[in-house]
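Observations on the model geometry
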Amino acid sequence: MSTSITTRLYRSYILPIESIPSVPSKKMLTSVALAIGGLAAAANAVPFRTLANVCTVANVQNALPLNVSPGISIVPSSATASAVIGWSVTNSNMQPNAQFDFCNVTFSYSHPGKNDLITVTYWLPAPQNFQNRYLSTGGGGYAINSGSNGLQMGVPYGAVTGITDGGLGPTNNLLTNGNLLYANGSINYEELYMFGYSGQHEMAIIGQAFTQNFYAMGTSKLYSYYQGCSEGGREGLSQVQRFADQFDGAIIGAPAIRLPFQQIQHLYAGVAEQTLNHYPPGCMFEYVLNYTLAFCDPLDGLVDGVVARTDLCKLKLNLNKLIGQKYSCAAQAGGFEHGPASPAVNGTITAADINLVSTLR
Ligand SMILES: *[C@@H]1O[C@H](CO)[C@@H](O)[C@H](O)[C@H]1NC(C)=O
Ligand SMILES: *[C@@H]1O[C@H](CO)[C@@H](O)[C@H](O)[C@H]1NC(C)=O
Ligand SMILES: *[C@@H]1O[C@H](CO)[C@@H](O)[C@H](O)[C@H]1NC(C)=O
Ligand SMILES: [Ca+2]
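Below is a short write-up of the structure.

Cut-offs applied
- Residues numbered from 1 in each chain as written.
- Chains lettered and ligands numbered in written order.
- Predicted model: local features only at pLDDT ≥ 70, side-chain atom pairs only at ≥ 80, totals over all residues.
- Heavy atoms only, no water.
- Helix = DSSP H or I, 4+ residues; strand = E, 2+ residues; numbered from the N terminus.
- Buried < 20%, exposed > 50% of the residue type's maximum accessible area, 1.4 Å probe, protein only.
- Pairing = 2+ DSSP bridges.
- Axes fitted to C-alpha atoms, helices over the stretch in contact; angles between N-to-C directions.
- Contact = heavy atoms within 4.5 Å.
- Near = heavy atom within 4 Å.
- Polar contact = N/O pair within 3.5 Å; in protein donor to acceptor, adjacent residues only side chain to side chain.
- Areas by Shrake-Rupley, 256 points an atom, 1.4 Å probe, with all protein chains shown as cover.
- Donors = N, O, S within 2.8 Å, 3.2 Å for Na, K, Ca; no water.
- Right-handed = clockwise from strand over helix to strand, strands pointing away.
- Salt bridge = Lys/Arg side-chain N within 4 Å of Asp/Glu carboxyl O.
- Phe/Tyr/Trp six-rings, centres within 6.5 Å; stacked < 30°, edge-to-face > 60°.
- Lys NZ or Arg CZ within 6 Å of the ring centre and 35° of its normal.
- Disulfide = S-S within 2.5 Å.

**Details of the overall build of the chain**
Counting its regular elements, the chain contains 11 helices and 9 strands. Looking at the 361 residues of the chain, the share that counts as buried comes to 40%.

**Let's talk about the sheet that holds strand 2 (residues 98-110)**
The sheet built from 7 strands is open, its strands ordered 1-2-3-5-4-6-7 with mixed pairing. The open sheet has two edge strands, strand 1 (73-89) and strand 7 (249-253), and neither has a second partner. Between one strand axis and the next, the sheet turns through 20 degrees on average, direction left out of account. In this sheet, strand 5 (residues 159-164) lies alongside strand 4 (residues 133-137) in parallel orientation, the contact comprising 4 bridges. Paired with S136 across the two strands is G162, which belongs to strand 5. On top of the sheet, helix 6 (residues 189-214) reaches strand 1, strand 2, strand 3 (118-125), strand 4, strand 5 and strand 6 (223-229); it is set at about 160 degrees to strand 4, its chief contact. On the sheet, helix 7 (residues 231-242) packs against strand 6 and strand 7 and is oriented at approximately 140 degrees with respect to strand 6.

**Regarding the site of ligand 2**
In the neighbourhood of ligand 2, the contacting residues comprise Y182, N184 and S186. At 2.4 Å from an oxygen atom of ligand 2 is found a side-chain nitrogen or oxygen belonging to N184. When ligand 2 sits alone it has 360 Å² of accessible area, and the protein chains cover 30% of it.

**Quick notes on the site of ligand 3**
With respect to spatial proximity, the complete set of residues near ligand 3 consists of C283, E286, Y287, N290, S328 and C329. Within the contact set of ligand 3, a nitrogen atom lies 2.7 Å away from a side-chain nitrogen or oxygen of E286. With respect to ligand 3, the side chain of N290 contributes an N or O atom lying 2.3 Å from an oxygen atom. Protein chains shield 44% of the accessible area of ligand 3, which is 360 Å² for the free molecule. Secondary structure elements with two or more residues in the shell around ligand 3: helix 9 (282-296) and strand 8 (326-329). Of all the elements, helix 9 adds the most residues to the shell around ligand 3, at 4 residues.

**Description of the coordination of the calcium ion (ligand 4)**
In this structure, D297 (O), D297 (OD), D300 (OD), D300 (OD), L302 (O), D304 (OD) and V306 (O) serve as the protein donors to the calcium ion (ligand 4), at separations of 2.3 to 2.6 Å. Sequence positions of the donors to the calcium ion (ligand 4) reduce to the motif D-x2-D-x1-L-x1-D-x1-V. Owing to a relative accessible area of 8%, D297 belongs among the buried residues under this scheme.

**Remarks on the pairing of strand 7**
For strand 7, the tally of buried residues reaches 5 of 5 residues, placing the bulk of the element in the interior. Here strand 6 runs beside strand 7; their pairing, made up of 5 bridges, is parallel. Bridging from a neighbouring strand, C229 pairs with G253 of strand 7. The handedness of the strand 6 to strand 7 crossover, carried by helix 7, is right-handed.

**Notes on the pattern of salt bridges**
The full count for this structure, using the stated rule, is 4 salt bridges. Note that K221 and D248 form a salt bridge whose closest N and O atoms lie 3.0 Å from each other. With K221 in the loop between helix 6 and strand 6 and D248 in the loop between helix 7 and strand 7, this pair connects stretches of sequence that are 27 residues apart. Taking relative accessible area as the criterion, K221 reaches 42% and is therefore assigned partly exposed.

**Here's the deal with the packing of aromatic side chains**
Scanning the entire structure with this criterion turns up 16 aromatic pairs. Summarising the aromatic geometry, the rings of Y226 and F247 are spaced 5.9 Å apart at their centres and angled 50 degrees between planes, so their arrangement reads as tilted. Linking Y226 in strand 6 with F247 in the loop between helix 7 and strand 7, this pair joins segments that are 21 residues apart in sequence. Judged by relative accessible area, which is 0%, Y226 ranks as buried. Geometrically, the ring pair formed by Y287 and Y327 is tilted, given 6.5 Å between the ring centres and 40 degrees between the ring planes. Residue Y287 is located in helix 9, and its partner Y327 is located in strand 8; the two are separated by 40 residues in the primary sequence. Judged by its relative accessible area of 24%, Y287 is partly exposed. Every member of this aromatic cluster is reached through a ring pair, and the members are F107, Y122, F130, Y134, F210, F214 and Y215. Taking NZ or CZ as reference, R133 lies 5.6 Å from the ring centre of Y223, over its face.

**Quick notes on the state of the cysteines**
Enumeration over the complete set of coordinates arrives at 3 disulfides. Between the sulfur atoms of C55 and its disulfide mate C103 the distance is 2.0 Å. Handedness here is read from the sign of the S-S torsion; for C55 and C103, about 80 degrees, the answer is right-handed. Of the two residues, C55 sits in the loop between helix 3 (51-54) and helix 4 (57-63) while C103 sits in strand 2, which places them 48 residues apart along the sequence. Residue C103 is classed as buried on the basis of its relative accessible area of 1%. Note that C283 is cross-linked by a disulfide to C329, the S-S spacing being 2.1 Å. Handedness of the C283-C329 disulfide follows from its S-S torsion of about 90 degrees: it is right-handed.

As structure tokens, then:
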């Protein structure tokens, strides 16, 4: 229940990335490219910048912001670049379906004197689709990034999009990479702070400068954003709190912050059910959730699926009147958002149900 309510609540914190003007079709671009290519060859001018001709290791190396910060030493020889054609996104719960081409760029850097190596990956839109935008993305659980699920989020909007491994190695994961505790039992604080915020910050400043160089933006403004959910939401908050002018906007979903509080929240519903010795089916909660959303959504003045006035919601919602209402749910397969599989359910809301729900509110 609380998951679904927060899902709706944090939508209200979303700052939309403006929609981009439609781009010419691929066919048109090819003929334009051919025409300009022909003219350019004749005039011996700079060739038309297509994905294929800009996505090279040499171009990446030329665009590396080697002086971005005295504490960062980028390794030019680590650079990779390869054009990826026809990447498609379908049925993602994070973004609309999309299909696009991009330049897949990776390179590594170290902190002088620290004997570490951090690898960043940026997906670059084709030059004709670039919209002067940069997007940093985050991870989930104890992973600092979400791999291609993060990288694919910005490219359809014309944004160079980045992830970092934060120096955690191929697992990208603070807990499972095995380096968080030294053999003597003390904490590896370098790694902890990289995961906490410095890895994200470094990816952002490197990615922004790299983008400006790669697309030869000159003095044009680069619009920078952050997007992440859960651990990725926490990473985003870590950035906007510490580096207020680093991004023009941030999409912070379900930030995994206040961990001691959060872990107790995870246990709380189970403990309450056990204490009250009452174990209703998930369908009952879903019915109450539906009612709550329908009742509370308009209290903020706009019926948009978002409960922005949680204070009024708590004050005015009277669940007792649901006692005696019938609820039903079809059989459900198990899943991340539903928990275990469940059979079809038909029931009637009881006073014990409302007592439990009120305890959990
Ligand atoms: C991007 O490049 C890296 C480094 O070569 C590689 O590991 C990764 O699989 C590539 N991603 C795609 C989608 O091609
Ligand atoms: C524990 O080991 C680490 C890594 O070798 C070292 O830097 C640190 O000083 C050690 N701490 C103690 C208390 O011995
Ligand atoms: C809750 O609302 C959703 C969306 O309208 C609906 O599909 C679902 O059946 C409802 N659940 C219950 C228990 O009424
Ligand atoms: Ca609303």
